[in-house]
Amino acid sequence: MINNKKKIKDNTKLVKFDEALELVRSEVDNSLSASPLIIRGYTKHLTESKGKFIRAVSVLICAEDKDGLIHPNAIKVAASIEILHLATLVHDDVIDNADLRRGDVTLQKKYGRKTAVICGDYLFCVALNLATNITDKEDYLDVDMPNYMGKICLGELNQHLNNGNLNLSMYQYLKIISGKTAALFEASFFAGAIFAGCKEAECKKYKQLGHYIGMIFQLIDDCIDFENTVDEAKKPVQSDYEQGVITLPLIKAFEDVTDLKEKASSEQMTRKDINEAVAKAGGLSFTHRLVKKYHSKSMKIIKELELTENKKANLIEILNKASHLS
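Source: prediction; values computed, not measured.

Some remarks on the overall build of the protein
Next, step 1: Per the secondary structure count, the protein includes 16 helices and two strands.
Next, step 2: Its C-alpha atoms give the protein a radius of gyration of 20 Å, within 12% of the compact-globule value 20 Å for 326 residues.
Next, step 3: With respect to the three principal axes, the spread of C-alpha positions in the protein is 70 × 50 × 35 Å.
Next, step 4: Residues counted as buried form 53% of the 326 residues belonging to the protein.
Next, step 5: A separation threshold of at least 6 residues defines the contact pool for the protein, and within that pool the share at least 24 residues apart is 77%.
Next, step 6: Computed over 45 positive and 45 negative side-chain charges, the separation of the two mean positions in the protein equals 2 Å.

See the structure below:
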């Protein structure tokens, strides 16, 4: 049960969104730059590659009260979630043997895979430490960061165990991305709602909204692997299958294109074969249609929530950015 007792103390200074976001950025930078000397050079490399902070932004927007003010505990958790996300990216780059991330050389490429794995582990610890370093912890026990970290790890493991699985179903794939990508968005929206003091039923709606947006984010990323160049994506493209990852556009192609599985099984399938099969099966349009369904479900929830006009507009903006509609 979500604890709905008053969470904001009289002496707590609440802040507006812009200030809160700057504080999150400072918190992340300080956490990385203040790392022990033995690891500081590696974490400094990560600070030079800035992300869009979309998960942190999600926490802050959802945490706004009716006056557009945000509790400082939300800032701590937003920074924690952003560092947790960074940890998953460091590990992803090791698994994928990726050279680029956000247009910069990856940690594993510059310093080696073993060093990158250990740095990723360290970032998990930093994220947990930040999340637990909040005031009135007993009021926020429902923001269960270790549980969400577990979901992410299990989603990644599920993907790894299904690498090269030519019979992977759409249902199985959606379950994988529900953990590896959507779980952190779900945590972001849910945490924000709790910090805003929302009632249990409303918190559940925020949680579901975060899940839908996380699913959209990953499905769009699947399409980017086919649709964008390296310069546009700022990371490797045309590479998911080569890393053993079967994504939804290719699942659709395996279902619809005769002999494609046989060609893949015999290791005769080229990138050209993949692109032609996905085009023939309409794999990208199929994936974009699913994105539209999640978008519609998300809009339905946003309309049901009790929101100020500004908060509603900001949630829609996050949704549209995830869907690449803005």
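Thoughts on the nonpolar core
Next, step 1: Among the nonpolar cores identified, the biggest contains 103 residues, and V24, L60, L219, L250 and L315 are the most heavily contacted of them.
Next, step 2: Here this core gets 12 residues from one element, more than from any other, and that element is helix α4 (residues 72-96).
Next, step 3: Here L60 is in contact with F17, A20, L21, V24, I70, A74, I75 and A78, once residues within four sequence places are set aside.

Some words on a nonpolar patch on the surface
Next, step 1: There is a patch of nonpolar side chains on the surface, built from L154, L157 and L161 and spanning about 330 Å² of accessible area.
Next, step 2: Mapping L161 onto the fold places it in helix α7 (residues 145-161).

What to know about helix α16 (residues 309-322)
Next, step 1: Taking 1.5 Å of rise per residue, 14 residues should cover 20 Å, and α16 covers 20 Å from first to last C-alpha, within 8% of that figure.
Next, step 2: The complete set of buried residues in α16 reads K311, N314, L315, I318, L319, N320 and A322.
Next, step 3: For α16, the elements touching its buried residues are α3 (54-63), α9 (182-195), α10 (200-227) and α15 (283-304).
Next, step 4: Of the residues one or two after α16, H324 is the one with positive phi, at around 60°.

Comments concerning unusual backbone geometry
Next, step 1: Although it is not a glycine, F53 adopts a positive phi angle of roughly 60°.
Next, step 2: Looking at the secondary structure, you find F53 in the loop between α2 (37-47) and α3.
Next, step 3: The exposure class assigned to F53 is buried, which follows from its relative accessible area of 6%.
Next, step 4: Its identity as a non-glycine residue notwithstanding, D259 has a phi of 70°, on the positive side.
Next, step 5: Note on placement: D259 falls in the loop between α12 (248-256) and α13 (260-265).
Next, step 6: A residue is classified by how much of its surface remains accessible, and D259, at 51% relative accessible area, is exposed.

Rules used in this analysis
- Residues numbered from 1 in each chain as written.
- Predicted model: local features only at pLDDT ≥ 70, side-chain atom pairs only at ≥ 80, totals over all residues.
- Heavy atoms only, no water.
- Helix = DSSP H or I, 4+ residues; strand = E, 2+ residues; numbered from the N terminus.
- Rg over C-alpha atoms; globule rule 2.2 N^0.38 Å.
- Buried < 20%, exposed > 50% of the residue type's maximum accessible area, 1.4 Å probe, protein only.
- Contact = heavy atoms within 4.5 Å.
- Lys, Arg positive; Asp, Glu negative; His and termini not counted.
- Charge placed at Lys NZ, Arg CZ, Asp CG, Glu CD.
- Core = buried A, V, L, I, M, F, W, Y, C linked by side-chain atoms within 4.5 Å.
- Patch = residues over 30% accessible without salt bridge, like charges linked within 9 Å, V, L, I, M, F, W, Y side chains within 5 Å.
- Areas by Shrake-Rupley, 256 points an atom, 1.4 Å probe, with all protein chains shown as cover.
- Salt bridge = Lys/Arg side-chain N within 4 Å of Asp/Glu carboxyl O.
- Expected span 1.5 Å × (residues − 1).

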